[in-house]
Amino acid sequence: MGINSKKVLLALGLGAFTGIALYLLYKKNEDDDDLENFSETSTSRHTLIEMKIPRNAVGFVIGREGSNIKDIQEMTNTRINFKNPAGPSDERICVIRGKAECAQEAERLIQRAISEQPNILTITVSVPQRACGRIIGRNGDTIREMCAVSGAKIIVDKDFKTSTDGMRAVTIKGTEDQLATAKQMLQEKVEEEEAMRRRIDLSASNRAPRHKNKLTDATKGQDGAEPVPTRESLVATGSDGYLEVYVSAVDTPGHFWVQVKSPRAIELDKLVERMTALYSEESNREMYKLKKVSVGDVIAAPFPYDKSWYRAEVAEVAESEADPADAALTVYYVDFGDTDTVKRRDAAELRTDFLGLSHQAVECFLAGVKPSDCAWTDAAGDCFEELSYAAQWKSIMAKVLRYQQAGSHKVPVVELVDTNSPMDVDIAKELVKRGHAVWQAAGAAGGARGSFGWGHHPDVPTLCSFSPHGRGLQCTELAGQSRLMIGSPAVGAQSWPVRAAS
């Protein structure tokens, strides 16, 4: 073999040796999956240490967004990773790689962090159900912010069912300091809700009870068009489906209007104050004098039984040939649900800045009952008004069970419960108990206007008209079938065949 051949073989040998050395060096730097057969391996240049760490301590060792483990790596010039053990375990394996003294220092820092881990506690507190909306916030924004600020985990019980004390469980997890911060933040939200409710109650207490005036049927505009106002809706404030309302006007025990007890009740009172201050001045009434009025217009109108002014929708216009200003306007007060008649000269145009608040009166039917006779009696109406605190601005609970089509719109069919006394009172049950109502077949609404849900007999047609006392329909037998035109002016009137009770 010549010298050149020996050089070639030497070069090949050196190349192979270099390749093997590089391969071994690469193998020493592979990820943790290649270290499964090592518990602790040391060389003069490189050390691998595996530590078993309780799973409940891993999060604290790592820190928020890895801050703790990054600090340890930087201080000790090591690489630290976690991997799961081969089988089920309450521990995870922490793998430390670096120079011997550096790896040992990292191990010491991790052990110290575990020993200093704060004790994680779990407590359950109770908060008023009515404050849960404020605690959770829109789309959960408020509770997420409280978790971030306090560092605790806050969980509102999702499986809430109506309890006798109206409280709801909230679970808090965290350190002692985190729990204290979270509890303080929850208490602040509860106090905010209670303060808001006190303002609402104070505002409601300043309202005068509204006179029990006659409710009239309404008709569509002459052109058949139906106005489409912005109306308040009944949206439950808790998972039990209930919300607090005021009964603001009553046609019959089966047909009435409510206002939602919310901050908008305060807005409504302020609106009435501003309107009254404006239109009480004769010069302002002259400035906003009604030059033209049509059915469906929303105007400013006084309420004949107090000195305040309200938003009202024109339901009917009875022109006066002698003086157009004496035209009689039948108006529906869109924030209360009652109806009355005012002269055109006494009403005024509604200033545009009074239009922003949604119409607060929500038309409702009472679920499950019908009158015990042909129609609701005055005694039944008095009983319902007493049970529901009608127009007395004392709140009760309402729950929407379904919606019933009434002409072109849907009316909520509700359950009403008075929770102001130690024993809850289901108003429908109480009407039946006192003999003013009977239970009806499932699916029918007790207040359906002119509907067959009142148990009318199909063979004895009647003509029905409103009672002058505001107690709804009065029935008179006729030889042939008649039709009743009825409905709130906010949605237009509809007609139904009306038949007598059996």
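It should be noted that the structure appears before, not after, this text.
Worth saying up front: this structure is predicted, and the values here are computed from it rather than measured.

Thresholds applied
Every chain is numbered independently, its residues counted from 1 as its sequence is written. Reporting in this predicted model follows two pLDDT cut-offs: at least 70 for local features of residues, and 80 or more for side-chain atom pairs to be given and counted; totals over whole chains, interfaces and linings ignore these cut-offs and use all residues. Only hydrogens and water are set aside when side-chain values are computed; all heavy atoms of the structure are taken into account. A run of H or I in DSSP counts as a helix once it spans at least four residues, and a run of E counts as a strand once it spans at least two, with each numbered from the N terminus. Whether two residues are in contact is decided by their heavy atoms, any of which lying within 4.5 Å being enough. Each residue gets one of three labels from its accessible area relative to the maximum for its type: buried under 20%, exposed over 50%, partly exposed in between, using a 1.4 Å probe on protein chains only. Residues belong to a common nonpolar core when they are buried Ala, Val, Leu, Ile, Met, Phe, Trp, Tyr or Cys residues joined through side-chain atoms within 4.5 Å. Note on definitions: salt bridges are taken to be side-chain nitrogens of Lys or Arg within 4 Å of carboxyl oxygens of Asp or Glu. Between N-to-C directions, angles span 0 to 180 degrees; the directions come from axes that are lines fitted to C-alpha atoms, helices contributing only their stretch in contact. An angle below 35 degrees is read as roughly parallel, one above 145 as roughly antiparallel, one from 65 to 115 as roughly perpendicular, and any other as oblique. Crossings are classed by handedness, with left-handed meaning an anticlockwise turn of the near helix from the far one by less than a right angle and right-handed meaning a clockwise turn. Amino acid classes used here: Ala, Val, Leu, Ile, Met, Phe, Trp, Tyr, Cys and Pro are nonpolar; Asp, Glu, Lys and Arg are charged; the rest, including Gly, are polar.

A. Molecular detail of the environment of Ala 398. Of note, Ala 398 is situated in strand 17 (residues 396-406). As for Ala 398 and Leu 366, which are separated by 32 residues in sequence, their C-alpha atoms are 10.0 Å apart. Among residues more than four places away in sequence, those in contact with Ala 398 are Gly 241, Tyr 242, Leu 243, Val 245, Glu 415 and Leu 416.

B. Spotlight on the pairing of strand 15 (residues 362-366). When you tally the buried positions in strand 15, you get five out of five residues, the bulk of the element. Burial of strand 15 is two-sided: the residues Val 362, Cys 364 and Leu 366 facing one way and the residues Glu 363 and Phe 365 facing the other way are all buried.

C. Summary view of the nonpolar core. The biggest cluster of nonpolar side chains holds 33 residues, and the ones touching the most others in it are Met 275, Tyr 279, Leu 329 and Tyr 333. Taken together, the elements giving at least two residues each to this core come down to helix 7 (176-205), helix 8 (263-279), strand 10 (298-302), strand 11 (309-318) and strand 12 (328-333). By residue number, the principal contributor to this core is helix 8, which donates eight residues. If you look at the next biggest cluster of nonpolar residues, it comprises 26 residues, including Val 260, Val 362, Leu 431 and Ala 437.

D. Representation of the pattern of salt bridges in the model. On inspection of all chains with the given rule, the structure shows 14 salt bridges. We note a salt bridge from Asp 335 to Arg 311, for which the minimum N-O separation is 2.7 Å. Here Asp 335 is found in the loop between strand 12 and strand 13 (339-343), whereas its partner Arg 311 is found in strand 11, with 24 residues between them in sequence. Each member of the pair, Asp 335 as well as Arg 311, is classed as buried. Here Asp 326 and Arg 345 are joined by a salt bridge, their closest N and O atoms 2.8 Å apart. Here Asp 326, found in the loop between strand 11 and strand 12, pairs with Arg 345, found in the loop between strand 13 and strand 14 (348-349); they are 19 residues apart in sequence, far enough to count as distant. Assessed through its relative accessible area of 44%, Arg 345 is described here as partly exposed.

E. Spotlight on the packing of helix 3 (residues 67-76) against helix 4 (residues 100-115). One way to put it is that helix 3 packs onto helix 4 with a least axis distance of 9 Å and a crossing angle of 150°. When the interaxial angle is binned, helix 3 and helix 4 end up roughly antiparallel. Seen from above, helix 3 lies across helix 4 with right-handed handedness. Of the residues in helix 4, those in contact with Ile 72, Met 75 and Thr 76 of helix 3 are Cys 102, Glu 105, Ala 106, Leu 109 and Ile 110. Split by residue class, the contact of helix 3 with helix 4 holds six nonpolar, one polar and one charged.

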